[in-house]
Amino acid sequence: MSALTRRGRSPTRNDLVVAPGSLGVPALEVRDLSRTYGAGDVAVRALRGVSFQVEPGDIVCIMGKSGSGKSTLLRQLGLLDAPTSGQVLLSGVDVTRLRESRRRLLRLGHLGYVFQEYALLPELTAEENVYLPSLMTGTPLRQSRLRARELLEMLDLGNRARHRPSELSGGQQQRVAIARAMVNRPTVLFADEPTGNLDTESSEMVMTALTRLNEELGVTILFVSHESDERRFAKNLIVLRDGEIVEAKS
Ligand SMILES: Nc1ncnc2c1ncn2[C@@H]1O[C@H](COP(=O)(O)OP(=O)(O)O)[C@@H](O)[C@H]1O
Ligand SMILES: [Mg+2]
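Residues numbered from 1 in each chain as written. Chains lettered and ligands numbered in written order. Predicted model: local features only at pLDDT ≥ 70, side-chain atom pairs only at ≥ 80, totals over all residues. Heavy atoms only, no water.

Quick look at the nonpolar core
Then comes step 1: In terms of nonpolar packing, the biggest core is built from 39 residues, with Val176, Leu189, Leu213 and Phe223 touching the most fellow members.
Then comes step 2: Residue assignment for this core shows that the elements contributing at least two residues are strand E3 (59–63), helix H3 (126–136), helix H4 (141–154), helix H5 (170–182), strand E7 (188–192), helix H6 (200–217), strand E8 (220–224) and strand E9 (236–241).
Then comes step 3: Top element by residues in this core is H5. It accounts for six residues.
Then comes step 4: In contact with Phe223, not counting residues within four places along its chain, are Ile59, Val60, Cys61, Ile62, Ala191, Met207, Glu230, Phe233 and Ala234.
Then comes step 5: By size, the runner-up hydrophobic cluster in this structure holds 26 residues, among which are Val54, Ile62, Val95 and Leu240. (Core = buried A, V, L, I, M, F, W, Y, C linked by side-chain atoms within 4.5 Å. Buried < 20%, exposed > 50% of the residue type's maximum accessible area, 1.4 Å probe, protein only. Helix = DSSP H or I, 4+ residues; strand = E, 2+ residues; numbered from the N terminus. Contact = heavy atoms within 4.5 Å.)

This is the structure we're talking about:
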């Protein structure tokens, strides 16, 4: 058994490998990461040897023009795709070498995802959408629902818990998706252009929600943005151009 037990409940078989905030160990370490799509004449080198570290509790903004490799980078870090070469270490553990069954457990229990499209299940209420991934880890319904309620309250959606997605605004739906991504207490949350479909006011609320979770729950966040003024929500910035880092501030 590793040092890991997620806060606030007894360990389960999902508690593999990753200890949040282990002393002196980066939450995320990327070593010479490359991803090439296709081969031969049609090969696209979307990532070309990217290296950086993210400390626990950091909030990092990833910027760059369309096609610069932002989504590809996030997918490699979030274990949604496998790199062509290089390593990703999560709390010091090389996750590129893990079996798919372990990677699946990490995705469900230790990583959170938010995408531009909210991908909520239309027939479920906000609360049900949020606690579904909690049920999938074997957490009892009562406990799962309580956690969902807490998160919805925290994101100012306490009075929307019984609404279905179609009864919510875009910004509200995205905040439900963020609550869902947080339900299993991930150590790292990935958000790929979370405000891409939203107006300025809703974008502001979504970004504020993310920073609040970072500050109050300590979750490490990496978000992609194409709005240059959203970098103000981040502590660190990574700029990609043609699959390479051209600016990394720490
Ligand atoms: N599944 C794929 N197959 C082939 N090429 C891809 C695939 N996904 C992305 N690409 C290419 O990789 C490059 C980086 O894409 P992407 O990571 O989506 O960029 P960004 O998110 O910065 O817009 C682009 O040239 C894109 O066309
Ligand atoms: Mg993208």
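From this point on, the discussion continues.
A few points about H6
Then comes step 1: When the terminal C-alpha atoms of H6 are compared, their 25 Å separation across 18 residues agrees well with the 26 Å that a helix rising 1.5 Å per residue should span.
Then comes step 2: For H6, the complete set of buried residues consists of Ser202, Ser203, Val206, Met207, Ala209, Leu210, Thr211, Leu213 and Asn214.
Then comes step 3: Lining the buried residues of H6 we find E3, H4, H5, E7 and E8.
Then comes step 4: Trailing H6 by a residue or two, Gly218 shows a phi angle of about 75°, which is positive. (Expected span 1.5 Å × (residues − 1).)

With respect to the pattern of salt bridges
Then comes step 1: In the structure shown here, the tally under the stated rule is 12 salt bridges.
Then comes step 2: For Asp81, the salt bridge is made with Arg35, and the minimal N-O distance between the two is 2.7 Å. Of the two residues, Asp81 is situated in the loop between helix H1 (70–77) and strand E4 (85–90) and Arg35 in strand E1 (residues 28–37); the sequence distance between them amounts to 46 residues.
Then comes step 3: Overall, Asp81 belongs to the buried group, its relative accessible area being 17%.
Then comes step 4: With a relative accessible area of 15%, Arg35 lands in the buried category.
Then comes step 5: Its salt-bridge partner being Arg162, residue Glu127 comes within 3.6 Å of it at the nearest N-O pair. Taken together, the residues span a long stretch of sequence, with Glu127 in helix H3 and Arg162 in the loop between H4 and H5 at a distance of 35 residues.
Then comes step 6: Each of the salt bridges in this network shares a partner with another, and the network as a whole consists of Glu127, Arg145, Arg149 and Arg162. (Salt bridge = Lys/Arg side-chain N within 4 Å of Asp/Glu carboxyl O.)

Topic: the confidence of the model for the protein
Then comes step 1: Averaged over all residues, the pLDDT of the protein is 91; the fraction at 70 or higher stands at 90%.
Then comes step 2: Note on residues 1–19: pLDDT is under 50 here. Beyond four places in sequence and across chains, it has 42 contacts. (pLDDT = per-residue confidence, 0-100.)

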